[in-house]
Amino acid sequence: MCQQHERPSWDEYFMNIAKVAATRGNCSRRQVAAVIVRDHRVISTGYNGTPRGVRNCFDGGCPRCSSHAPSGTGLSECLCSHAEENAIVQAACYGIAVKGATLYTTFSPCLQCAKMIINAGISEVIYYQHYTIDDVSLALLREAGVVVRPLDENEGADA
């Protein structure tokens, strides 16, 4: 007889993938990742960091991240692309539609990413941690009909 083991729920499974993808982030301040899923299949991933062909943040590619600017300041000088942005752009680059998909992200989206999520037609956002400056973005997502919720780590496994 086979011994039963506890399986992660779909939400936990995809968020765990996002957490691993975040380790690829090259921003020297914070590693964030997003995973876009449709029909229980990963269709795109993205992590934060400088654009393709630009020196990585860790190597001094972003002047803001290389500075000692306090968190939440100097954001207009940051060259890094956000994880949600990169996941959406990667899907577009390869001709993968994201309309109706779910986006899992390790931090709740900023305002710019919220606008991209809405315009890309993503229908649900599930986040792991609350980003400190996202109250406007969460309200905007909800106003646009996007379901937004934090990951509930206490949910049971599902099929």
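It should be noted that the structure appears before, not after, this text.
Because the structure is predicted, anything quoted here is derived from the model rather than measured. (Residues numbered from 1 in each chain as written. Predicted model: local features only at pLDDT ≥ 70, side-chain atom pairs only at ≥ 80, totals over all residues. Heavy atoms only, no water.)

Trainee: Any details on helix α5 (residues 135–143)? Residues and values, ideally.
Mentor: Within the sequence span of α5, burial applies to S137, L138 and L141. In a view along the axis of α5, the buried residues occupy a sector of 100°, so they form one face of it. Projecting away from the buried face of α5 at angles above 90 degrees are the exposed residues D135, V136 and E143. If you follow the buried residues of α5, they end up packed against α4 (111–120), β4 (124–129) and β5 (147–150). Looking one or two residues past α5, G145 carries a phi angle of roughly 90°, positive in sign. (Buried < 20%, exposed > 50% of the residue type's maximum accessible area, 1.4 Å probe, protein only. Helix = DSSP H or I, 4+ residues; strand = E, 2+ residues; numbered from the N terminus. Arc of directions from axis to C-beta. Contact = heavy atoms within 4.5 Å.)

Trainee: So what's going on with the nonpolar core? Residues and values would help.
Mentor: Core analysis: the largest hydrophobic core is formed by 24 residues, its most contacted members being I36, V98, L103, I117, I122, L141 and V148. If one sorts the elements of this core by residue count, helix α3 (residues 83–93) sits on top with four residues. Those residues within four positions of V98 in sequence are excluded, and the remaining contacts are I36, R38, I43, A91, A120, G121 and I122. Core analysis: the second largest hydrophobic core is formed by nine residues, W10, M15, V35 and Y104 among them. (Core = buried A, V, L, I, M, F, W, Y, C linked by side-chain atoms within 4.5 Å.)

Trainee: Can you explain the pairing of β4? Please cite residues and give values.
Mentor: Relative to β4, strand β3 (residues 102–107) runs parallel, the two sharing five bridges. Paired with L103 across the strands is V125, a residue of β4. In terms of handedness, the path from β3 via α4 over to β4 forms a crossover that is right-handed. Bridging between β4 and β5 involves four bridges; their strand directions are parallel. Bridging across to β5, Y127 finds its partner in P150. (Pairing = 2+ DSSP bridges. Right-handed = clockwise from strand over helix to strand, strands pointing away.)

Trainee: Outline the pattern of salt bridges, listing residues and values.
Mentor: One pass over the full model with this rule turns up two salt bridges. In this structure, D11 and R149 form a salt bridge, with 2.8 Å as the shortest nitrogen-oxygen distance. Pair noted here: D11 is in helix α1 (residues 10–22) and R149 is in strand β5, with a separation of 138 residues, a long-range link. Looking at D11, the relative accessible area reads 9%, which means it is buried. For R149, a relative accessible area of 27% gives the class partly exposed. Here E124 and R149 are joined by a salt bridge, their closest N and O atoms 2.8 Å apart. Residue E124 is located in strand β4, and its partner R149 is located in strand β5; the two are separated by 25 residues in the primary sequence. In this structure E124 comes out as buried when scored by relative accessible area, which is 18%. Overlapping salt bridges, with partners in common, bring together D11, E124 and R149 in one network. (Salt bridge = Lys/Arg side-chain N within 4 Å of Asp/Glu carboxyl O.)

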